[in-house]
Amino acid sequence: MYTGRHTGTGEVFDRVWSATGRHLCNGDSSLPAGLWTVIETMRAGEHVMATLHWMVAFGEAGSAEWGVGPRAFVEYEVQLLKVYDIQSYEGGAVRSKVIEMPKYVGKPQEGNEVEVRWNGDLLDEEGKVGRTFQRKKRAKLLLGPPRHSTWLSGGKLVPAFIDGMVRQMGEGEICELEVQPSWAYGEAGDARLGVPPNARVKVWLELVAYVEVDDISPLKDGSAIRRRIQRGSGEDCPLKDDECTLSLRVRGTRSGQELHKKDQFEMVMGSMPEHASKALRAFCRGAHADTVLTVLCSQMRKGAHALIITQPQPVHTCTACSHLRRGGEGRRVEWSGVEWGGVEWSG
């Protein structure tokens, strides 16, 4: 929002000052070029006063429309309410405007499980929103190669371009997409949704969450899969000799039987006492859960929550994941990093 005044008299010649402000694209000719130079230096929420030289304001002739005389210096009071990041993809066929920034750094990758929420509207020839053909709906997909992902739920009527767009988004991000027919529903449209042929659409898309799924088995054969359920806080992971407090659940994947449960489990990275190691292995029917915890906790941050699912296979190599597969039945191991501290600091 902004107010334009004559510098000599303070008389207002232009004013848009309200909670909603005015939505403009960078460089809009309704504002002086010099004011855009000022706005480009601002951040959302910033409030400034700017005096513009006539050369970057209304020029030598002034503006009869705004009642600004020749070679007039003007003053603007400006508050930048919000900034929208606008990008084009697929040669301009998809135009994205970010409404809400992501909560975390990082974007989903191939192999991740993604949950989205979306809403679809038809656009008329002038680009105005018409009828809504899909109200806010949730869907889940497993990211594969581009445009070849697997929809796990709610994906029967989801336009194919959403598969590509979520790869450009972060968790919690919301964007508005204007999509040309070639990347929406094509020449045929979609009778099930009431989308006519060659229809331009506007889609509201939210990346609700995504789960990182990694194959951590020694041979990358899918025998040990890690799913990160919750991100941790902080920047560092525990190192050797750091003290960790964990919660731990161990279940058999076939029987569903809970083999071991401990809500407060303290461990020193890399130096678990022998009696504690033996006790933990005994609870897990021979699986070397102590080794697994040491390796995987080294990759976790405070508050992180991960789920490891393993399949019964012979031990291939002496690694944490192969240790976990001992005993004939796959182990489902779930733990949360609650708090940890190091030798030089406290957690």
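To start, this report covers the structure provided alongside it.

Conventions and cut-offs
- Residues numbered from 1 in each chain as written.
- Predicted model: local features only at pLDDT ≥ 70, side-chain atom pairs only at ≥ 80, totals over all residues.
- Heavy atoms only, no water.
- Pairing = 2+ DSSP bridges.
- Helix = DSSP H or I, 4+ residues; strand = E, 2+ residues; numbered from the N terminus.
- Axes fitted to C-alpha atoms, helices over the stretch in contact; angles between N-to-C directions.
- Phe/Tyr/Trp six-rings, centres within 6.5 Å; stacked < 30°, edge-to-face > 60°.
- Buried < 20%, exposed > 50% of the residue type's maximum accessible area, 1.4 Å probe, protein only.
- 1 Å grid on protein atoms, 1.4 Å probe; cavity = no way out; pocket = protein on both sides within 12 Å on 5 of 7 lines; lining within 4 Å.
- Points joined across faces, edges and corners; volume = space filled by probe spheres on them.
- Nonpolar A, V, L, I, M, F, W, Y, C, P; charged D, E, K, R; others polar.

### A closer look at the sheet that holds strand E1 (residues 2-6)
Within a sheet, neighbouring strands are paired by backbone hydrogen bonds and run either parallel or antiparallel to one another.
Then, number 1: One open sheet accounts for four strands, arranged E2-E1-E4-E3; its pairing is antiparallel. Looking at which strands have only one partner, the edges of the open sheet turn out to be strand E2 (12-16) and strand E3 (47-52). Averaged over all adjacent pairs, the angle separating strand axes in this sheet is 10°, with direction ignored.
Then, number 2: For E1 and strand E4 (residues 74-79), the ladder comprises five bridges, and the chain directions are antiparallel. Directly across from Arg-5, in E4, lies its bridge partner Glu-75.

### Observations concerning the packing of aromatic side chains
Then, number 1: In the structure shown here, the tally under the stated rule is five aromatic pairs.
Then, number 2: Ring plane angle 80° and centroid distance 5.8 Å describe the contact between Phe-13 and Phe-58, whose orientation is recorded as edge-to-face. Linking Phe-13 in strand E2 with Phe-58 in the loop between E3 and E4, this pair joins segments that are 45 residues apart in sequence. Here the two residues Phe-13 and Phe-58 agree in accessibility, since each one is buried.
Then, number 3: An angle of 85° between the planes, with centres 5.8 Å apart, marks the rings of Phe-13 and Tyr-76 as edge-to-face. Here Phe-13, found in strand E2, pairs with Tyr-76, found in strand E4; they are 63 residues apart in sequence, far enough to count as distant.
Then, number 4: A relative accessible area of 10% places Phe-13 in the buried class.
Then, number 5: By relative accessible area, which is 1% here, Tyr-76 ends up buried.
Then, number 6: An aromatic cluster of at least three residues, connected via ring pairs, comprises Tyr-2, Phe-13, Phe-58 and Tyr-76.

### Section: the layout of surface pockets
Then, number 1: There is about 600 Å³ of room inside the largest pocket.
Then, number 2: Along the walls of the largest pocket sit 22 residues, with Arg-22, Leu-24, Leu-80, Lys-82 and Val-83 positioned nearest its centre.
Then, number 3: Where the lining of the largest pocket is concerned, the elements lending two or more residues are helix H1 (33-39) and E4.
Then, number 4: Its residues assigned to classes, the lining of the largest pocket shows 14 nonpolar, five polar and three charged.

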